[in-house]
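Listed below are the residues making up each chain.
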Amino acid sequence: MNKIKIGIIGTGNIAKTHAGNLKSIPEVSLGPVFDIQTNRSQAFAQDFGMTVRNSIEEVFSDSDAVYITVPNKLHAELTLKALSAGKHVFCEKPFALNIDDAEKIVKAVNEAGVVYQIGFNRRFAPVYKKMKNFILSGDLVPASFNIKMNRGELQSPPWTSDPEVTGGFLFESTLHLIDMVRYLFGEVKKVTAVGSKTIYPCVDDFSMIFEMKNGVHGVFSSSAHTTWIYPFERVEVYGNHFAIYNDEMETVTYCSGLNQPYNQETFSTLPIEKRWGFIQEDLLFISRLLGKQEDDMDLIATHIDGYKNVELIENIYQQVGLGR
Ligand SMILES: NC(=O)c1ccc[n+]([C@@H]2O[C@H](COP(=O)([O-])OP(=O)(O)OC[C@H]3O[C@@H](n4cnc5c(N)ncnc54)[C@H](O)[C@@H]3O)[C@@H](O)[C@H]2O)c1
């Protein structure tokens, strides 16, 4: 069997998660790695049986597909380079940090004719799959929502508080559930936002109201300094006497009708890579490279989702008016 050779650029926290998942897929061979911190790439290569390379070009020349798992500000540049080298790309979120780069990537993906995927793992986490399935089946007809997406701190890794590197807090954790708004409720008609700079040198508190094209509307708050009090993330959806909410990726609770008992499913016994949707997104990326058809493929975040999320975030930052 011809295996797909994967290269990895950036060997930090999230790269370890992906490499661990990829190692368990028989059709994958883990190939070259590059990190500007060679001590990291060496330890990583040893842990996952990979080969250390000295540049991104060396990674491209020895791989079929690359994972881009470096800090946010480098995603667009490395994605464009990988696409022009003809590589399939899995890039961690965010897609890009401004609309000009987002446009360039959309064009480059279309021209390269390769597989491109963004790391919106939440789409495949069981708690969110449950919500999506209730909506797709028509059992839950959403009318409004209430979302929070917080972080305890912007200290780990240290670059997360630097808007020059992240593009701003919205491109960090908040982005996962900005993507979730579109995943669950369709396209956005209008977003209204206020924000403030409280603890960190970036806008670190946001309050937003979303109006969707299909008439659904909702509120969304996001703070970057909430001490990891549980749950840091929750989506509540209110529908036709049907309500559902999650507590992080641990539990989903729902009541499907008046005078009905409520149900709760707990996923804390699943390994984290499955509970958070990481293994599912990696398996789907490899299936796409192999040309296999799988359930859930239409739920994958594409370059068009990447573009629309950047457009939305640019709009929010413009309204807040405090820079990033
Ligand atoms: N989907 C998720 O849930 C999730 C979770 C964590 C991180 N992420 C994203 O993944 C990316 C990486 O985050 P992380 O937590 O792994 O960060 P990290 O700091 O742990 O790792 C980043 C690595 O990239 C390396 N690097 C920096 N510049 C480089 C360059 N020019 N070339 C090669 N390597 C370079 C660093 O030396 C470091 O080892 C970020 O964009 C983050 O937003 C996503």
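For clarity, every value in this text was computed on a predicted model and none was experimentally measured. (Residues numbered from 1 in each chain as written. Predicted model: local features only at pLDDT ≥ 70, side-chain atom pairs only at ≥ 80, totals over all residues. Heavy atoms only, no water.)

Moving on to the domain arrangement of the protein. When its domains are assigned, the protein resolves into domain 1 (4–119) and domain 2 (122–271 + 302–320). Averaged C-alpha coordinates put domain 1 and domain 2 at centres separated by 26 Å. Each partner contributes to the interface: domain 1 provides 19 residues, whereas domain 2 provides 19 residues. Here domain 1 meets domain 2 over a buried area of about 1500 Å², counting both sides, of which 68% is carbon and sulfur. The tally of links from domain 1 across to domain 2 stands at 0 salt bridges. At the junction of domain 1 and domain 2, the tally comes to 5 residue pairs in polar contact (both at pLDDT 80 or more). By residue number, the principal contributor to the side of domain 1 that touches domain 2 is helix H5 (residues 99–112), which donates 6 residues. Broken down by class, the residue content of the side of domain 1 that touches domain 2 amounts to 11 nonpolar, 5 polar and 3 charged. (Domains from an automatic or database assignment. Contact = heavy atoms within 4.5 Å. Buried area = accessible area lost by both parts, 1.4 Å probe. Salt bridge = Lys/Arg side-chain N within 4 Å of Asp/Glu carboxyl O. Polar contact = N/O pair within 3.5 Å; in protein donor to acceptor, adjacent residues only side chain to side chain. Helix = DSSP H or I, 4+ residues; strand = E, 2+ residues; numbered from the N terminus. Nonpolar A, V, L, I, M, F, W, Y, C, P; charged D, E, K, R; others polar.)

A few words on unusual backbone geometry. Cis geometry marks the peptide bond from Ser156 to Pro157, where omega comes out at -5°. The topology assignment puts Pro157 in the loop between strand E7 (144–149) and helix H7 (163–166). In the segment running from Tyr230 into Pro231, the intervening peptide bond is cis, with an omega of -10°. Position of Pro231 relative to the elements: it lies in the loop between strand E10 (217–223) and strand E11 (233–238). The phi dihedral of Asn259 falls on the positive side, at around 65°, and the residue is not glycine. Of note, the phi angle at Asp296 is positive, near 80°, even though the residue is not glycine. When you line up the elements, Asp296 lands in the loop between helix H10 (278–289) and helix H11 (303–320).

Now for the pattern of salt bridges. With the rule as written, the count across this model stands at 21 salt bridges. With a closest N to O distance of 3.8 Å, Lys104 and Asp101 form a salt bridge. One end of the pair, Lys104, and the other, Asp101, are both in helix H5, 3 residues apart, so they sit about a helical turn from each other. Here Lys308 makes a salt bridge to Glu187, at a shortest N to O gap of 3.5 Å. Here Lys308, found in helix H11, pairs with Glu187, found in the loop between helix H8 (174–185) and strand E8 (188–196); they are 121 residues apart in sequence, far enough to count as distant. Overall, the relative accessible area of 30% leaves Lys308 in the partly exposed class. Salt bridges linked by common partners bring Arg123, Asp179, Arg182, Glu187, Asp305 and Lys308 together as one network. (Buried < 20%, exposed > 50% of the residue type's maximum accessible area, 1.4 Å probe, protein only.)

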